[in-house]
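Survey of secondary and tertiary structure
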Amino acid sequence: MTFEQILPKLREGAFIIRDGWGGAEEYVKLFDPKEFEGQAITPYFLISVAGEGFSMFQPTVCDILAEDWSIVDPETVAK
């Protein structure tokens with residue numbers, strides 16, 4: 001899938017990944033907290049990395065133009 005095709009799924013709560021990564025990346029998710037310490041927070045992407053936990057994720061131009069995005073089930077990701 002393209003990023004344009006998968007973005008609506010991500011907004012609906014899907015966990016996504018690029019098939020071409022093939023490394024420790026497990027999935028990307030949209031994190032949408034409403035506020036922190038009384039201040040509004042804008043949504044952002046998190047990436048789950050095996051053995052490291054979550055980090056903020058910002059897609060690169062290559063990620064946005066890629067056509068190898070797919071939906072994954074986080075319950076089946078190898079830990």
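Look above for the structure.
Note that the structure is predicted; figures quoted are calculated from it, not measured.

Quick word on the pattern of salt bridges
Close approach of charged atoms allows side chains with opposite charge to pair. One pass over the structure, following the stated rule, counts 3 salt bridges. Between R18 and D63 there is a salt bridge, with the nearest N and O atoms lying 2.9 Å from each other. One end of the pair, R18, is in strand 1 (residues 15-18); the other, D63, is in helix 2 (residues 61-65), and 45 residues separate them in sequence. A single burial state applies to R18 and to D63, both of which are buried. D68 is paired through a salt bridge with R18; the nearest N and O atoms lie 2.6 Å apart. Here D68 is found in the loop between helix 2 and strand 7 (69-72), whereas its partner R18 is found in strand 1, with 50 residues between them in sequence.

Some details on the nonpolar core
In a soluble, globular protein the nonpolar side chains are often hidden away together inside. F3, I6, L10, A14, I16, V28, F45, I47, V49, F57, A66 and W69 form the largest nonpolar core, which has 12 residues in total. When contributions to this core are tallied by element, the ones reaching two or more residues are helix 1 (3-11) and strand 5 (44-49). Sequence-distant contacts of A14, defined by excluding residues within four places in its chain, comprise K9, V28, K29 and I71.

Observations regarding the packing of aromatic side chains
Under the counting rule described, the total for this entry stands at 7 aromatic pairs. Their ring planes at 75° and their centres at 5.8 Å tell us that W21 and F57 sit as a pair that is edge-to-face. Separated by 36 residues along the polypeptide, W21 in the loop between strand 1 and strand 2 (25-31) and F57 in strand 6 (residues 53-57) bring together distant segments of the chain. The class of W21 is partly exposed, set by a relative accessible area of 21%. Each ring, one from W21 and one from W69, has its centre 5.5 Å from the other, and the planes form 75°; the classification is edge-to-face. Here W69 lies in strand 7 and W21 lies in the loop between strand 1 and strand 2, a separation of 48 residues in the sequence. Relative accessible area serves as the criterion here: at 1%, W69 is assigned to the buried category.

Looking at unusual backbone geometry
Phi is positive for E37, which is not a glycine, with a value near 50°. Tracing the backbone shows E37 in the loop between strand 3 (35-36) and strand 4 (39-40). According to the relative accessible area criterion, E37 is exposed, its value standing at 68%.

Focus on the pairing of strand 6
Here 5 bridges tie strand 5 to strand 6, and the two strands are oriented antiparallel to one another. Paired with L46 across the bridge in strand 6 is M56. Where strand 5 folds back onto strand 6 in an antiparallel hairpin, the turn is made up of 3 residues, including G51, whose phi is positive at roughly 80°.

Cut-off values and rules
- Residues numbered from 1 in each chain as written.
- Predicted model: local features only at pLDDT ≥ 70, side-chain atom pairs only at ≥ 80, totals over all residues.
- Heavy atoms only, no water.
- Salt bridge = Lys/Arg side-chain N within 4 Å of Asp/Glu carboxyl O.
- Helix = DSSP H or I, 4+ residues; strand = E, 2+ residues; numbered from the N terminus.
- Buried < 20%, exposed > 50% of the residue type's maximum accessible area, 1.4 Å probe, protein only.
- Core = buried A, V, L, I, M, F, W, Y, C linked by side-chain atoms within 4.5 Å.
- Contact = heavy atoms within 4.5 Å.
- Phe/Tyr/Trp six-rings, centres within 6.5 Å; stacked < 30°, edge-to-face > 60°.
- Pairing = 2+ DSSP bridges.

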